[in-house]
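Coordinates in review
Chain residues, written in single-letter form:
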Amino acid sequence: MNNMIERMIQKTGLKSIEYHLKRNKALKQPSVSMSTTDAINLLEKHSSNPKTSCIDPKVFKDEYDLEIIIPAFNVEKYINQCIESVLNQKTEFTYHITCIDDGSTDRTGQILDQYKEDKLSIIHQQNRGFSGARNRGLYDVKGKYIMFLDSDDFIPQGTIQNLLACAFSNNADIVEGGVIQCSEKGRMRRHPPHKEGKIESFSGLTGYPFAKVYRNFLFTKVSFPENYWYEDSLIRQIIYPNAKTIYGIDVPVYCRRNNPLGITNTGVRKNKSIDALYVTLSLFEDRVRLGMEIDRLYYEYILRMAKLIYLRTKFQPEEVKQAVFVILSDFVNREFQAFYTKKNDILEYALKNKKYELYVLWCEK
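Residues numbered from 1 in each chain as written. Predicted model: local features only at pLDDT ≥ 70, side-chain atom pairs only at ≥ 80, totals over all residues. Heavy atoms only, no water.

**Some thoughts on the packing of aromatic side chains**
Tallied over the full model, the rule gives 23 aromatic pairs. Judged by centre distance (5.6 Å) and plane angle (65°), the ring pair of Phe325 and Tyr356 falls under edge-to-face. Pair noted here: Phe325 is in helix 12 (residues 318-335) and Tyr356 is in helix 14 (residues 356-364), with a separation of 31 residues, a long-range link. Summarising the burial analysis for this pair, Phe325 and Tyr356 share the class buried. Arg134 extends its terminal NZ or CZ atom over the ring of Phe148, reaching a point 5.7 Å from the ring centre. Positioned above the aromatic ring of Phe224, the side-chain terminus of Arg134 is 4.9 Å from the ring centre. (Phe/Tyr/Trp six-rings, centres within 6.5 Å; stacked < 30°, edge-to-face > 60°. Helix = DSSP H or I, 4+ residues; strand = E, 2+ residues; numbered from the N terminus. Buried < 20%, exposed > 50% of the residue type's maximum accessible area, 1.4 Å probe, protein only. Lys NZ or Arg CZ within 6 Å of the ring centre and 35° of its normal.)

**Brief notes about the state of the cysteines**
Under the defined criterion, the tally for this structure stands at zero disulfides. Cysteine Cys182 is unpaired, with the sulfur of Cys255 as its nearest cysteine sulfur at 6.5 Å. (Disulfide = S-S within 2.5 Å.)

**Observations concerning the environment of Pro209**
Inspection of the secondary structure assignment puts Pro209 in the loop between strand 7 (197-198) and strand 8 (212-215). We classify Pro209 as buried; its relative accessible area is 2%. When neighbours within four sequence positions are excluded, Pro209 is seen to be in contact with Arg134, Phe148, Tyr214, Phe224, Asp232 and Ile235. (Contact = heavy atoms within 4.5 Å.)

**Remarks on the pairing of strand 2 (residues 95-102)**
In terms of burial, strand 2 is a largely internal element, eight of the eight residues being buried. By the alternation rule, side chains of strand 2 split into Tyr95, Ile97, Cys99 and Asp101 and His96, Thr98, Ile100 and Asp102, which are all buried. Relative to strand 2, strand 1 (residues 64-72) runs parallel, the two sharing seven bridges. In the strand pairing of strand 2, Glu67 is matched with His96. Each parallel crossover has a hand, and for strand 1 linked through helix 4 (residues 79-87) to strand 2 it is right-handed. Where strand 2 and strand 3 (residues 120-125) come together, six bridges link them in parallel fashion. Counterpart to Ile100 in the pairing with strand 3 is Ile123. Taken together, strand 2, helix 5 (residues 108-113) and strand 3 constitute a β-α-β crossover, and its handedness is right-handed. (Pairing = 2+ DSSP bridges. Right-handed = clockwise from strand over helix to strand, strands pointing away.)

This is the structure:
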């Protein structure tokens, strides 16, 4: 019955009329009065800004065709399947695996130490978090290309061969393939079609680090910003814009296990969800320091991120959400005053005029 009512509302356009009425009302609301200084102080008390940079120069070796970096923390249930899925790959290309035991307190480290493979290096370290584990692996890169594999996931047969065959034949900086969703019980869902061939815009890629290979030069100046949630924002903000040639293959290359306890599913109710704002601003500052262009396409990305930041913080206290908005508004007005958009014009107006109710309405639609 509810689905039938929803379809009737959509058919008659009542939902659109309701939105426009609310929009007109929101436009008349006064601008938020909270100052940027007060907003920053409020958020610092709620969850402090790690204030770490992604800039991290390093030198790589080209001993193998591919370096696979696997961060591992308390994954005794999955680590064997993950490692075996790589070791059992049939390929003409050479590869090396660096697996980082990031201070595991279960049997993960012991399981890893049982492997005696020349192509597998095990590193044990005190816990540094997901970014810290990946970054440790980046300091031991010996491959022309780099792949990231999460330790509770695995790769299907043919992944290395398919990705690298495309990468080398096209001299590509990035190659991305399809992702298979895997349930806790091992049930797999067919992956949606992935774009095949050359990708002209990185908007055609997912924002996840996995299911792709990267030419190693993309990480010679940067690592994942540590102590943030949503640190993989590095991929869209820094890595993709520096890639000149990008290809896609319509082949499943990654099996991602659904994790109901992951940050994506549980983080919105935690104070640290405001890292979605912090990491966006931090990576912007790093882009400037790296001399990267701040153009209209990047501005459109920031507007998309503004909505995502709202969705990631929507269950925080009202004053926290308003503080996040005030800082976003100040950021857009300070750094993007000369840019304009047609696609997200209402969101742009809300941010540039500090119209909080309009911002919420846009993000909720």
